[in-house]
Structure formats: C-alpha cells, structure tokens
Amino acid sequence: MRPRLLPRPTNTPPTLAVWKFASCDGCQLSLLDCEDELIAMVEHLSIAYFPEASSAMIGGPYDLSLVEGSVSTPHHLERIYQIRANSNTLVTIGACATAGGIQALRNGHDIDEFMSIVYAHPEYVETLAAATPVSDYVDVDFELRGCPIDRGQLLEVIAAFLTNRPPRISSVSVCVECKSRGLPCVMVAGGTPCLGPVTHAGCGALCPAYGRGCYGCFGPSESPNTDSLNEQLADLGLDNRQLERLWRGFSGWSPEFRAAADNAHGKDNEP
Amino acid sequence: MPTERTPVIIDIKGLQVLVDVLIEQGNEVFGPQVIDDVIAIRPLTSVDQLPAGWTDDQGAGRYRLHNDHSHGRFGYAVGPQAWKPLLHEPTLHTLSMTQSHAADPVEVHVTATRKGRRAFLGVRPCELEAIVRLDTVLLRGPNVDRAYRSARSDLMLIVVNCTVPASTCFCTAMNTGPRVSENVTIHDLEITELVNEHDGGPRYVVTPASRQGAEILDVLGSRTSTVAMTNQDALDIEAGFRRAESSIERHVDTKELHDVMIASSENALWAELADRCLACGNCTAVCPTCFCTSVNEITDLSGTTTERWRHWDSCFSLEFSRVGNAPVRSSVASRYRHWLTHKLGTWHDQFDESGCVGCGRCITWCPVGIDLTAEIPALRTAALSGGDSRPASGDQ
Ligand code: SF4
Ligand code: SF4
Ligand code: SF4
C-alpha cells in the first residue's frame, strides 16, 4: 500500500470509513463478522464513517477507506471522486467494487429497454450505461477480491495497513487451495466444470469442498489461460451457451473472464 | 542389511493382526481408503477400511474408480496424493514472535514439531522412491528440515507392490516399480497381494526389509497362522509382476535424458505447451517429490505479534519466481520449462538422481491433461538434431 498522503494528527488512531455503492452489503457484513477481532480493531482504528455499524459520522479526511460496490449512477461517480480526494488509502472490497459485480450483466445491453421493463417510471431513474469497478474512475491502492470477501483476508489487509507493509494476498489459482486442503479435483475425478484453475485464490476452495465446481467469484488469477480451460470444458460436454454463462458470473466483467465469455459467444454465432 | 529376508504368507485376518500389532506398539496407522470417489490416505484401524474390489481408471486429466468385485484390497495404482502431506505438510506454523513495547526484547516461540509413532501401510514402490528423494533433499542437504525430520522419525514404511498399474504409470521406465527395487533400504516390510479369484480371499506375502520389520513379523508369527511360501506361490508372484509390467502403457526413454533437457532450453515446444498449460500448479501439488515452500510472516492488528507460516509453493506461480521486484520467469512457457527441466534434468546435477519417479500423477491430475511422457520424444528428436530451428517465442 502506498504511504499516507494527507496530513493527520499523529497522536490518535487512524480513521476508517466504509462506503457503499451498487452492492448487496455482504462484504461490509464480512467486516462486522470479524467478531473476535472487532475489539482489537476499534483499539487501533477509529471508525469515522460506517453507517452499517454506527450512526456516528465524522467528517474526513480518512486514513483508510474501504469501498464496496460498483459505480453505477451519476451520483456514484460524484461520490467516488470525493471519497478518493478525502482518503489517504483507498481499498476496494468485493467482486462489485473490483470487477463490476453481477450487476455488470447489464453492461453492453440496451439500458433503456431494461428500465422500461423493470421500472414503472423509468424517467425517475438516473443510471450510467455500465456498472463498473471503482478503479475505472479513481486510483485504488489495493483491490480485495471475492463475493463476498474472505474475512481473514480483510483482517490481513487492515493489519498490513496498520503496520505499513504490503498485504500478503496470494494471486495463485484456487487449485492451490484445493490441493492444500487435500480435496480431490472435482473436474478430474468427477467431470464437473470448474473455473478453479484460472480463479484467484482466497475462498479456501469453498465450492470444491462441497463437490461443486468453482464459480470464479474471486475473479481471474495471476495468469489465467481461459482459452485452454474453455477447450477443456467443451471436452467435458459444455456447449458455447453454457460456457458463456459460466464466465458471466460474479466476476464476469473482469477483462479476462469477459474475453472468455465473448469468445464462447462468438463461437456460438459462427455460421 | 543383515536381516534374513524370509517371506511368510498371511491371509486377510493376518493382515488385521498386523494392523492390531502396529497399533498396540503405539503407531498411528495410515492406509488407502475410498474417500470422495478417490483412493485417499487416511488413519486406518481395520482392514475393512481398505478399498475391497476397487480399481482405478486413469488417463490424462481423468480419474474414475469402479468396483470390479475382485477379492483384492490393493488392486489400483496411486491416488491423487502421495504420503507427502503427512511428511511435508501443506501449511505449517513454524514460529511466533512477540514484542509488546519497543523497549522490550522480542520473544521468539518456535513451534514444536509433531511427535509420535506412525506406520504407513500400502506405500507403493514409486512412492517409496519419492520418499527417498525427499530424504535426499530435506534430510541430507546442508540444511535439515526440522519438521520433515520429525515426521520421518518413528515411522514404519510398509510397501505394497503393484499388481494393477494405471494407464498413466511409467515406473518401469524410471526403474521405480511396479515392484520395490532391491536398492531401496528405507522401508520395513514389503507386501505382495496374491489374489486368486477361485479360492476365496486374498493372501499376502510379507517380507521383512529391516530389523524392525523382522521383529514385527516375529510378533505376527506368534499371533496368527503364517505359512511359508511354496514354489507355486513364487511362480504366481513372478507371473503377477510380469503381467503388471507388461500392462504398463507409458514409456520414457531415459537415455541421456539429462542432456536432452539441458539442450532443450530454446525449444519452441515450451511455448506450445504454454498455450495449453493453465499454470494452476496442480502438477506440483500432486507430485510426490516436489518440495518447494514459501514462508510468510503475518502481523496481527496491534503489530505486536508476528506469526510465521510455511506453505507449499509451486514454480508455476508467478510470485514464486519473484526476485527483488520482478518475476524471473514471467512467461508460462518458462515456468513449465523450469519444472520439467528440474524434474528430469538438473535434479541429477543437484541430487544425483531423477526428480521424477514415474507415478503419473501430474498426467492424471492436470486439469487439461498435459502428459510429460508425450512431450519428451519431441524434445529428444530436436536435441539430437542439434536443437529446434524454430525460435522460442514468449519465453525468457
Ligand atoms: S476442483 Fe477446481 S479448484 Fe479444485 S483442483 Fe480441481 S480444478 Fe482446481
Ligand atoms: S513429475 Fe509427474 S510422474 Fe514424475 S514423480 Fe512427479 S507427478 Fe509423478
Ligand atoms: S501442466 Fe497442467 S497441472 Fe501443471 S500447471 Fe500446467 S495445466 Fe496446471
């Protein structure tokens, strides 16, 4: 994480702000879920803005801002610029804030038509054409992946911020976590389609532990070869429509997964 | 080893007595079992837990079990994990350090290593060879691995020879199976399963391979009926091994393989493999000889305590090749090349043996079915003809 930029009183604990954009609140709940560590956290951080947890709202600048959700409306756009200007360190949390989230399924489609179907008075709705990650608009100091994020990883990011060191968050594949847990591969041993080999670790191989293939909710790993996995999944019997759906999940708007989905879609439309 | 290698024959009840004796002598016994549709290694107290009648169907990127109702308990080849996780744990807490105030000394607490006797029942010949490799690296080098040393001490190794290899096995090429080699001396007992489908249950030919193994066999003889091996039994065993050997489908020509690997560094094949390789690291995790780890130190929220963890790492991970601020093997081609060149080439330079024991796990458990045995002939041809004329692309 980069060093602090804005001046702050040195004899008080650093301030924390938690912001919500287009999201389900699940990632913020992961923070509240750190029950055992919450006491230690408030000893070392002063919670200045966190409407989900406390009604006290202290003005900025903030030492650490955690941002949940994708940028989806013109109002969001205004707010994210303000928050960036008011934050020393800005960390985005979750698939929405880092990759656009499931709501990015609307991107690239006719937004007016969607609104006319969903809302009785679409004229009251102001929206951007696309729901996109925060990093499309402002500098982000660290992106924490997941849908939702893993609370252990969140604590690691906060501990790293407090001690001014880089967070230890590995970007290897989910397979590494599968194998460290001694789980047999669901793809090799069961023929179950799985995005694990190209998905960023962090969940602890949650789905394969229950015999399910990985849905890719932590987004692409450090060197995702989606073309090769597409071919293997096709060999396992997935048609191009199924392939496209698999990629267009919680991290479907990440450039790598989007390209994989477009690829499958393109093949489907070949003459 | 001066022990007299006289084999005795026991039946399945005798095998249970062997397990009982091992447990009575304070061992935790581990053995193969069917768990989640694969052959896995788990604590074992009864021979009923062994995979009766189960056999495996393995191919590149594919593993299936089925039960053919044979009487055998060992009629399959290696499962997804060798004994490596028990000897060289995937994640290990090694140290914690505390300093409450800047003026205080740092208190260091080194995590205790595991204690207690264990017995591994059903170690395959290639797996035993893999333990020899791990011993060389982790015990005989200039730096002894504490955790591995304590996991290896008080350990009984009971080999069960292979009579039903999988299609991914190539131990005959690597000289590591399907029957344990006379040159290996780290085990205690050698067992061969004799299955005659016409006359009831399986029988086990048990041969002592160490003093401890001979002692166990003496106790066994006093507790259950053992019979001596007949000439017919000896002929049956030999016929079984010949069947097993001739059923092995994959082969690797190991002649000057080290030199072939060294001569192949510029081969365009690495880039072609990188088009298929997912860099997922499955091959290194399942390989019984891959030993690489990374060490991380994690501070707590107060910054007063640091925990040091060690975890398996892989040459397929970008982070693992980071030196200073950048990875030295940034392309997948260079990472694949590094892995295979180490296994088959530079391992010889470092440790005077092959890093590959021919167990075939990296073939089966590669999600896209990359098969090293299929790639070596092309490397050899190019190396012999003075190198591949095509430039290696995407490589560094
Ligand atoms: S189940 Fe998925 S995540 Fe686990 S090893 Fe297999 S491919 Fe990797
Ligand atoms: S390289 Fe592959 S075949 Fe050789 S020992 Fe490792 S997993 Fe087994
Ligand atoms: S060779 Fe196979 S198992 Fe190994 S990293 Fe590449 S895709 Fe994964």
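Criteria and thresholds
Residues numbered from 1 in each chain as written. Chains lettered and ligands numbered in written order. Predicted model: local features only at pLDDT ≥ 70, side-chain atom pairs only at ≥ 80, totals over all residues. Heavy atoms only, no water. Helix = DSSP H or I, 4+ residues; strand = E, 2+ residues; numbered from the N terminus. Rg over C-alpha atoms; globule rule 2.2 N^0.38 Å. Buried < 20%, exposed > 50% of the residue type's maximum accessible area, 1.4 Å probe, protein only. Contact = heavy atoms within 4.5 Å. Areas by Shrake-Rupley, 256 points an atom, 1.4 Å probe, with all protein chains shown as cover. Lys, Arg positive; Asp, Glu negative; His and termini not counted. Charge placed at Lys NZ, Arg CZ, Asp CG, Glu CD. Salt bridge = Lys/Arg side-chain N within 4 Å of Asp/Glu carboxyl O. Bend = angle between axes of the 7 residues up to and from the residue. Domains from an automatic or database assignment. Buried area = accessible area lost by both parts, 1.4 Å probe. Polar contact = N/O pair within 3.5 Å; in protein donor to acceptor, adjacent residues only side chain to side chain. Core = buried A, V, L, I, M, F, W, Y, C linked by side-chain atoms within 4.5 Å.

Draft legend 1. The arrangement of the overall build of chain A in detail. Of the regular secondary structure elements, chain A holds 12 helices and 5 strands. A globule of 271 residues ought to have a C-alpha radius of gyration of about 18 Å, and chain A, at 20 Å, matches this closely. With the C-alpha coordinates of chain A rotated into their principal frame, the extents come out at 65 × 55 × 30 Å. A burial count over chain A gives 50% of its 271 residues as buried. Restricting the contact set of chain A to residue pairs at least 6 apart, pairs at least 24 apart contribute 71%. Counting only carbon and sulfur atoms, one obtains 53% of the accessible surface of chain A, whose full area is about 12,300 Å². In chain A, which carries 19 positive and 32 negative side-chain charges, the distance between the mean positions of the two groups comes to 4 Å.

Draft legend 2. Quick look at the pattern of salt bridges. All told, the structure shown has 20 salt bridges over all chains when counted by the stated rule. One salt bridge connects R248 of chain A with E244 of chain A, and the closest N-O pair in it is separated by 3.0 Å. By relative accessible area, which is 25% here, R248 of chain A ends up partly exposed. As a salt-bridge pair, R380 of chain B and D253 of chain B come within 3.6 Å of each other at their nearest N and O atoms.

Draft legend 3. Up close: helix α11 (residues 332-351) of chain B. The sharpest bend along α11 of chain B comes to roughly 60°, located at H342 of chain B. Summarising burial for α11 of chain B: 15 of the 20 residues are buried, a large majority.

Draft legend 4. Geometry of the domain arrangement of chain A. Residue and element names in this part refer to chain A. Segmentation of chain A into domains returns domain 1 (15-162) and domain 2 (174-268). For domain 1 versus domain 2, the distance between C-alpha centres works out to 25 Å. Contacts between the two partners involve 16 residues from domain 1, matched on the other side by 13 residues from domain 2. Approximately 1,100 Å² of surface area, both sides summed, lies buried where domain 1 meets domain 2, with 62% of it carried by carbon and sulfur atoms. Across the contact surface, domain 1 and domain 2 share 0 salt bridges. Counting the contacts that link domain 1 with domain 2 gives 2 residue pairs in polar contact (both at pLDDT 80 or more).

Draft legend 5. Summary view of the nonpolar core. With 94 residues, the main nonpolar core has L15, I191, Y336, W339 and L340 of chain B as its most contacted residues. Element by element, the count of residues in this core is highest for helix α1 (residues 12-24) of chain B, at 7 residues. Sequence-distant contacts of L340 of chain B, defined by excluding residues within four places in its chain, comprise M261, W270, G345, L372 and L379 of chain B. Within the second largest apolar cluster, 23 residues are counted, among which are L31, C34, L64 and I93 of chain A.

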